[in-house]
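If you want the building blocks of each chain, they are given just below.
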Amino acid sequence: MSALAALPKKSQFVTKDAEVQLAHDRWIAFAENNLLPASPKAILNPSAPLLETLRELQEYLIPRVTLSPIGCPLSLADVVIYACLRPHLQERLNATQLPVVCAIIRYYRYVDSLLAGNGHLAAAGLTTPISLPALPPTVFTHFHNPKAAAAAKKAGQKAPKTAPKVEVPAVPAVPAVPQAEKKEKPVKAEKKEKKEKKDKAPAPTDAVTISHALILVGHVRSVAHHPTSDHLYVEEIYCGEKNADGSERLRTICSGLREHVAQSELEDSLVVVAANLKPMKLKGVMSEGMVMAASKGKGTETEVIELLRPAEGSKPGDKISCADFPATPMEELKPKKKHWDQVAPHFTVDAEGKALWQGKALTTAAGAAFAPTVRDGIIS
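Keep in mind that what you see is a predicted model, and the values were worked out from it rather than measured.

Undergrad: Please set out the overall build of the protein residue by residue, giving values where relevant.
TA: Looking only at helices and strands, the protein has 10 helices and 15 strands in total. Partitioning the intrachain contacts of the protein with sequence separation of at least 6 by distance along the chain shows that 73% fall at a separation of at least 24. When the accessible surface of the protein is totalled, it reaches about 21900 Å², and 55% of it is carbon and sulfur.

Undergrad: Provide a residue-level description of the sheet that holds strand 2 (residues 233-242), including the pertinent values.
TA: Read across the sheet, five strands follow the order 3-2-1-4-7 without closing on themselves; strand pairing throughout is antiparallel. Taken across any chain shown, the strands that pair with only one partner, and hence form the sheet edges, are strand 3 (248-255) and strand 7 (290-291). Alignment of strand 2 against strand 3, held across seven bridges, turns out to be antiparallel. Within the sheet, the bridge partner assigned to Glu235 lies in strand 3 and is Ile253.

Undergrad: How would you explain the packing of helix 2 (residues 18-34) against helix 4 (residues 76-85) if you had to name every residue and give the values?
TA: Between helix 2 and helix 4, the least distance of the axes is 8 Å, while the angle of their chain directions is 15°. Considered as vectors, helix 2 and helix 4 are oriented roughly parallel to each other. As helix 2 runs across helix 4, the sense of the crossing is left-handed. On helix 4, the residues that touch His24, Trp27, Ile28, Phe30 and Ala31 of helix 2 are Leu76, Ala77, Val80, Ile81 and Cys84. Residues that form the contact of helix 2 with helix 4 fall into these classes: nine nonpolar, one polar and no charged.

Undergrad: Help me get a handle on the side chain of His219, residues and values and all.
TA: Mapped onto the elements of the fold, His219 is located in strand 1 (residues 215-225). Within the local environment of His219, its side chain forms a polar contact with the side chain of Asp268, the two groups lying 2.7 Å apart. With near-sequence residues (within four places) excluded, His219 lies in contact with Glu236, Ile237, Tyr238, Asp268, Ser269, Leu270 and Pro316.

Undergrad: Go over the confidence of the model for the protein, please, and point to the residues and values.
TA: Mean pLDDT over the protein works out to 76, with 64% of the residues at or above the 70 mark. Scored below 50 in pLDDT, residues 137-149 makes 22 contacts in the model with residues more than four places away or belonging to other chains. Confidence over residues 157-175 falls short of pLDDT 50; this stretch has 15 contacts with residues more than four positions distant or in other chains.

Undergrad: Run through the nonpolar core, naming residues and quoting values.
TA: Among the nonpolar cores identified, the biggest contains 33 residues, and Trp27, Leu57, Leu67, Ile81 and Leu85 are the most heavily contacted of them. For Leu85, the contacting residues outside a window of four places in its chain are Leu35, Leu54, Leu57, Ile104, Tyr107 and Tyr108. In this structure, Leu333, Val343, Val374 and Ile379 belong to the second largest nonpolar core, which totals 26 residues.

Undergrad: Describe the pattern of salt bridges, with residues and values.
TA: Taken as a whole and judged by the stated rule, the model has eight salt bridges. A salt bridge links Arg249 to Glu241; its shortest N-O distance comes to 3.2 Å. Across the pair Lys315 and Asp318 runs a salt bridge whose closest N-O atoms are separated by 3.9 Å. Looking at Asp318, the relative accessible area reads 19%, which means it is buried. Residues participating in the shared-partner salt-bridge network are Glu241, Arg249, Arg251 and Glu288.

Undergrad: Kindly report on helix 4, identifying the contributing residues and their values.
TA: What sets the pattern is the α-helix's 3.6 residues per turn: residues three or four places apart point alike. Most of helix 4 sits inside the fold, with 10 of its 10 residues counted as buried. Taken residue by residue, helix 4 has Leu76, Ala77, Asp78, Val79, Val80, Ile81, Tyr82, Ala83, Cys84 and Leu85 as its buried positions.

Undergrad: Hey, could you go over the packing of aromatic side chains for me, with residue numbers and the actual values?
TA: A full pass over the atoms with the stated rule returns five aromatic pairs. Taking 4.9 Å as the distance between ring centres and 55° as the angle between the ring planes, the aromatic pair formed by Trp27 and Tyr60 counts as tilted. With Trp27 in helix 2 and Tyr60 in helix 3 (residues 49-61), this pair connects stretches of sequence that are 33 residues apart. Joined through ring pairs, the aromatic side chains of Trp27, Phe30 and Tyr60 make up one cluster.

Undergrad: Before we move on, can you summarise helix 2 with the specific residues and values?
TA: Across its 17 residues, helix 2 extends 24 Å between first and last C-alpha, which sits within 8% of the 24 Å expected from 1.5 Å per residue. Within the span of helix 2, buried status applies to Val20, Gln21, Ala23, His24, Arg26, Trp27, Ile28, Ala29, Phe30 and Ala31.

The rules we used
Within any chain, residue numbers begin from 1 and follow the written order of that chain's sequence. Reporting in this predicted model follows two pLDDT cut-offs: at least 70 for local features of residues, and 80 or more for side-chain atom pairs to be given and counted; totals over whole chains, interfaces and linings ignore these cut-offs and use all residues. Heavy atoms throughout the structure, all of them, feed into the side-chain values; hydrogens and water do not. Runs of E in the DSSP output that reach at least two residues are strands. Runs of H or I that reach at least four are helices, and both are numbered from the N terminus. A contact between two residues is defined here by any heavy atoms of the two lying within 4.5 Å. The Shrake-Rupley method, run with a 1.4 Å probe sphere, supplies the accessible areas, and residue values consider only the shown protein chains as cover. Criterion used throughout: strands pair if DSSP finds at least two bridges between them. Here an axis means a line fitted to C-alpha atoms, over the contact stretch when the element is a helix, while the angle between two N-to-C directions is reported on a 0 to 180 degree scale. Any angle that is under 35 degrees is reported as roughly parallel, and any over 145 degrees as roughly antiparallel; angles of 65 to 115 degrees are reported as roughly perpendicular and all others as oblique. Left-handed describes a crossing in which the near helix is turned anticlockwise from the far one by less than a right angle; the clockwise case is right-handed. Under the scheme applied, nonpolar residues are Ala, Val, Leu, Ile, Met, Phe, Trp, Tyr, Cys and Pro; charged residues are Asp, Glu, Lys and Arg; polar residues are all the others, including Gly. What qualifies as a polar contact is a pair of N or O atoms within 3.5 Å, subject to a donor-acceptor requirement within protein and to the restriction that residues adjacent in sequence count only when both atoms come from side chains. Note: pLDDT gives the predictor's confidence per residue, expressed from 0 to 100. Residues grouped as a nonpolar core are buried Ala, Val, Leu, Ile, Met, Phe, Trp, Tyr and Cys residues, joined through side-chain atoms within 4.5 Å. Relative accessibility decides the category of a residue: with a 1.4 Å probe and only protein chains considered, values under 20% of the type maximum give buried, values over 50% give exposed, and everything between is partly exposed. When a carboxyl oxygen of Asp or Glu is within 4 Å of a side-chain nitrogen of Lys or Arg, the pair counts as a salt bridge. A pair of aromatic rings is counted whenever rings of Phe, Tyr or Trp (Trp by its six-membered ring) have centres within 6.5 Å, and the orientation is called stacked for planes under 30 degrees apart, edge-to-face for over 60 and tilted otherwise. One less than the number of residues in a helix, times 1.5 Å, gives the span that helix is expected to have.

So, in structure tokens, the structure goes:
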């Protein structure tokens, strides 16, 4: 772990949230206890205990970008896990092994891009790139089983939301105080029949993919500064929609791009809009969608954030789709059900600047959406 010593100091990554910091400490203990002693070859051996260890990390990372909650910066736990994973990913994995560590590979690339932007990798002597495989479009949901999730929910079980806990000695159980048996009331035949019918009904699934998102090409008609926020623009955007009287319907959208994108870059330009998010107020102004942007080195001194652009020849209202995912957009993606949170982590920008979702290009009839300068970045 000598390279880890040259990585950023702990003070740079300590959060003020005690609960989040506790989760970070558990992941650091997890890395020290499970990842350091293993050989880099162990990940290639299906019978090795490390494979099951990585499966636990893989399942935790499937719906996440980092080990921290969405919106939080990179943590010390991310740096430690990254440094411990590197020797295990030195050798290229084949197609049959991809489903085991696909989310780990995506996570590793993201943390690698953030640390590279701050120069920490050079300080640790980790500048030599390692070859990692391309991710097929189906492996991100390899461990998602809607039926099992529904069954667990019905049985009153909850999926773990925090990092694995460090083992502590078991406390002897206190003997239960015997209680008088309660007489069960007879169940009426009619009610029992209704209950059986209810049990037989299939449990609904809330699994959401890019198919359920409505992503449109929009033309920015006007841009203004938000009246109460120094970080937000307020745009009027035409996405090919019409009002009842046949006039053009303009969407009001608030974007947190004011510190990164010049107003002149937005005005009278074509942008990519996530159009079926639930409308919500941002600092008192109702926003009806999200302008999508590409970024790299987020949270670092070399951070780059720029507008995602549709292919040349695209028109306002053109739908942006993804191969292998037929478009069946929902009327509205629900924040409480975290619909967009299931879709958002899988947007990326490749080495050529093309916009992807789970490795597949986001396209209109005119071609692929793209980032003008960002390469190997993310989309938000």
